[in-house]
Amino acid sequence: MNSDLLALLTTLQMAAVSTFILLLIGTPMAWYLAKMNSRFKVLIEAVIALPLVLPPTVLGFYLLLLMSPQSLPGEMWQQLSGQQLAFSFSAIVIGSVIYSLPFVVQPLQKSFEQLGEPLLESAAMLGAGPIDRFFNVVLPITKASFITAASLGFAHTVGEFGVVLMIGGNIGGETRVLSVALFEHVEAFEYAKAHVLAGSLLVGSFVLLAAIYLLNHRVKSSTL
Amino acid sequence: MAPLIIDCTVRYSVFELQIKQELALNGVLGIYGQSGCGKSTLLRILSGLNGQATGKVVLDNQVLLNSEQGVFVPPAQRNIGLVFSNCRLFPHLNVLKNLNFAAKRCVNRRLKTADIIELTQLGDLLAHDVSQLSSGQQQRVALARAILAEPKLLLLDEPMSALDISNKQLLLAMLRQVHRELQLPMCYVSHSLHELQTVADDLLVMDSGKVRGYGKIATMVHQLNELDEAAAQTSLCLTVAAHLPQYALSSLSLGLQSLYLPLLKDNMGNLLTIGSSVRITIAANEISIVKQATVDSSMVNQLPVKITTIKTFAGNSLLSVVCQQQTFFVQISLMSSERLVLSVGDKVIIQFKASALHFLGLKD
């Protein structure tokens, strides 16, 4: 297979898996932060927001240290899975999840805070338990923010470069993603190939975002 | 139903609620008090939405809260309904789906959704978005939704606060009808004695987080006259004796006496059935006193009474008088009181216009 096509597949796979994990862990995180009154709340919020301001290479560097077989997490991973964590597909997924976390947690947290208690209390008084309330009141009302969170998480993961390069390297079919492939073409003066990749990333990202904004607009005007 | 037992305390930095009371839940219980007296907090304790209360709550022999034994039944499992003042309908569901949300989660399903839709007059609105409804319609949806969950006890927290007068009257009459047809015990919180006299059978009076009194509605309204003389009124429950359409008046019987008031009609504009019981109120300052009966007066209501108490306040006298075992409260100026040389035990005549009597609703 064409190496750029392979990079595209790896990228989409990484973004899809990361987005799925992000929603799975980001939703309860956002929920507890929205309901939290403790003074530690700001500290947790600051930690989650760190990837917004840190150079990705800083995050990548620390993650690389943690994932290396010499560190405890890296060693444990190797013993459980039989494979080295650093420079693997799993590594870039873990990296993207951490890197894109604020893009998923923040919109969800904001919409949960806006939703508040009134409708949840109302549902409870009609006999709806906590899980029932989440799936039949919270989820449908905050649907727009889930679409935003998922698409920002996905798009941000596709556009990732620094973290992937630090902890994934450039292994075809495993960790070689589009942004890394593009960098490689530029370094090798293969500008024609670089144009194809850069152009398709640009157009792809634009189409994705435009579709999301359109969808969000429709969801909002139908629920409000 | 077994009485509701409350023995609870909640403390906040600036407010403490402490209640120890057994409440009979046979009719509609009114809960009255000024804003901030703890009425809504009490409802939140009963419903389980206030998780900070300590003590005991027992409803229908089921312990809902016993903080010593660590018992706390979550709101969703209490089978208590709550209608909020701000409706809290689900914005993502239309009217019918809001109602079905409740019906689907109801365990017993004795009621038919169609019957409740008819009772609350929502038939034409089922497909509407809740945001398209007027506040009166929204509150009717909230009421229907709460009923369809088939609660053991329905709590209503100032449900009329956002409604105009005609919607208030419609909903109050509807509440009485719901109570009559479904035998559903209710607690109705309000700071309006007018609303409470229309809908409640018993009244719990609260002040600064404490219970100040509990009893039959008329008795409690008369007790409240002691606290707020300026707003003193008489609460009556009488039977319809006759209609006099040529004068646009109806008459009520009070023992051997008759009281006249504007023609009594129901929501549909039909005259009330002769013999039905109605709730009536009259403000103390609408009644005047003469020493002897006179035919030279435009006042259609004249009743011979005996003065039982006289109390003076801020340039006025508040008298309680008795006619045919019914107490009336009369407010006259101190000047008149002295000129007439009134004293306890005197027999006088009270008089008032037909329009001074306010019809609140049917008593079932």
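Residues numbered from 1 in each chain as written. Chains lettered and ligands numbered in written order. Predicted model: local features only at pLDDT ≥ 70, side-chain atom pairs only at ≥ 80, totals over all residues. Heavy atoms only, no water.

Caption draft 1: Broad picture of the overall build of chain A. Scanning chain A from N- to C-terminus turns up 11 helices and zero strands. Each helix and strand of chain A, ordered N terminal to C terminal, gives the series α-α-α-α-α-α-α-α-α-α-α. Once the C-alpha set of chain A is aligned to its principal axes, its extents read approximately 65 × 45 × 30 Å. The proportion of buried residues among the 224 residues of chain A is 42%. Contacts spanning at least 24 positions in sequence make up 73% of the contacts within chain A whose residues lie at least 6 apart. Accessible area for chain A stands at about 11,800 Å²; split by element, carbon and sulfur atoms hold 71% of it. If the 10 positive side-chain charges of chain A are averaged to one point and the 12 negative ones to another, these points end up 12 Å apart. (Helix = DSSP H or I, 4+ residues; strand = E, 2+ residues; numbered from the N terminus. Buried < 20%, exposed > 50% of the residue type's maximum accessible area, 1.4 Å probe, protein only. Contact = heavy atoms within 4.5 Å. Areas by Shrake-Rupley, 256 points an atom, 1.4 Å probe, with all protein chains shown as cover. Lys, Arg positive; Asp, Glu negative; His and termini not counted. Charge placed at Lys NZ, Arg CZ, Asp CG, Glu CD.)

Caption draft 2: The layout of surface pockets, seen in detail. Residues and elements named next belong to chain B. Taken as a whole, the largest pocket encloses approximately 760 Å³ of empty space. Looking at the largest pocket, it is lined by 27 residues, and the ones nearest its centre are Gln169, Ala173, Asn267, Leu360 and Gly361. Contributions of two or more residues to the lining of the largest pocket are made by α3 (113-119), α5 (165-182), α6 (193-199) and β21 (358-363). The element that contributes the greatest number of residues to the lining of the largest pocket is α5, accounting for 10 residues. (1 Å grid on protein atoms, 1.4 Å probe; cavity = no way out; pocket = protein on both sides within 12 Å on 5 of 7 lines; lining within 4 Å. Points joined across faces, edges and corners; volume = space filled by probe spheres on them.)

Caption draft 3: Examining the sheet that holds β21 of chain B more closely. Residue and element names in this part refer to chain B. An order of β14-β13-β12-β15-β21 is seen for the five strands of this open sheet, with the pairing classed as antiparallel. Because the sheet does not close on itself, it has two edges, and the strands there are β14 (257-262) and β21. Ignoring strand direction, the axes of neighbouring strands in this sheet form an average angle of 45°. Note: strand β13 (residues 249-254) against β14, six bridges, orientation antiparallel. Residue pairing across strands places Leu252 opposite Leu259, the latter belonging to β14. (Pairing = 2+ DSSP bridges. Axes fitted to C-alpha atoms, helices over the stretch in contact; angles between N-to-C directions.)

Caption draft 4: Local environment of the packing of aromatic side chains. Per the counting criterion, the structure on display carries nine aromatic pairs over all chains. Ring centres of Trp31 of chain A and Phe112 of chain A lie 5.1 Å apart, and the angle between their planes is 70°; on these two criteria the pair is classed as edge-to-face. With Trp31 of chain A in helix α1 (residues 3-35) and Phe112 of chain A in helix α5 (residues 89-115), the pair connects residues that are 81 residues apart, well separated along the chain. You can call Phe112 of chain A buried: its relative accessible area is 0%. Taken together, a centroid distance of 4.5 Å and an interplanar angle of 45° make the contact between Phe90 of chain B and Phe101 of chain B tilted. Note that Phe90 of chain B is positioned in the loop between β7 (80-83) and α2 (95-104) and Phe101 of chain B in helix α2, a separation of 11 residues in sequence. In this structure Phe90 of chain B comes out as buried when scored by relative accessible area, which is 0%. For Phe101 of chain B, a relative accessible area of 5% translates into the label buried. Chaining the aromatic ring pairs together yields one cluster made of Trp31, Phe112, Phe134, Phe135 and Phe146 of chain A. Of note, Arg105 of chain B hangs over the ring of Phe101 of chain B, and the distance from its end group to the ring centre comes to 3.7 Å. (Phe/Tyr/Trp six-rings, centres within 6.5 Å; stacked < 30°, edge-to-face > 60°. Lys NZ or Arg CZ within 6 Å of the ring centre and 35° of its normal.)

Caption draft 5: Fine view of the pairing of strand β18 (residues 316-323) of chain B. All names here are of chain B. Most of β18 is tucked away, with seven of its eight residues classed as buried. For strand β17 (residues 301-313) and β18, the ladder comprises seven bridges, and the chain directions are antiparallel. Directly across from Thr312, in β18, lies its bridge partner Ser317. Counted along the chain from β17 to the antiparallel partner β18, the turn is two residues long, and its residue Ala314 has a positive phi close to 35°. As judged from the eight bridges shared by β18 and strand β19 (residues 326-333), these two strands associate in the antiparallel manner. Bridged to Ser317 within β19 is Ile332. Two successive antiparallel strands, β18 and β19, enclose a turn made up of two residues, where Gln324 displays a positive phi of approximately 50°.

Caption draft 6: Summary view of the pattern of salt bridges. Considering all chains together, one arrives at 17 salt bridges over all chains under this definition. The partner of Asp132 of chain A in a salt bridge is Arg105 of chain B, with the nearest N and O atoms 2.6 Å apart. Of this pair, Asp132 of chain A sits in helix α7 (residues 130-141) while Arg105 of chain B sits in the loop between α2 and α3, on two different chains. Measuring nitrogen to oxygen at the nearest pair gives 3.5 Å for the salt bridge that ties Arg176 of chain B to Asp201 of chain B. Within this pair, whereas Arg176 of chain B is found in helix α5, its partner Asp201 of chain B is found in the loop between α6 and β10 (202-207), the two being separated by 25 residues in sequence. In this structure, Arg176 of chain B and Asp201 of chain B share a single accessibility class: buried. Each member of the salt-bridge network shares a partner with another, and the members are Arg176, Asp201, Arg279 and Lys363 of chain B. (Salt bridge = Lys/Arg side-chain N within 4 Å of Asp/Glu carboxyl O.)

Caption draft 7: Region of the structure containing the interface of chain A and chain B. Facing 18 residues of chain A, the contacting portion of chain B comprises 20 residues. Of the roughly 1,700 Å² buried where chain A meets chain B, counting both sides, 66% is carbon and sulfur surface. It is Glu121, Met125 and Leu126 of chain A in chain A that bury the most area against chain B; as a group they hold 44% of the surface buried on that side. At the boundary of chain A and chain B, one finds three salt bridges. (Buried area = accessible area lost by both parts, 1.4 Å probe.)

Caption draft 8: Representation of the sheet that holds strand β3 (residues 28-32) of chain B in the model. Residue and element names in this part refer to chain B. The strand order β7-β8-β9-β3-β10-β11 describes an open sheet built from six strands, whose pairing is mixed. The strands lining the two open edges of the sheet, one partner per strand, are β7 and β11 (210-216). Neighbour-to-neighbour, the strand axes of the sheet open up by a mean angle of 20°, direction not taken into account. Bridge count between β3 and β10: four bridges; the pairing is parallel. Paired with Gly30 across the strands is Leu203, a residue of β10.

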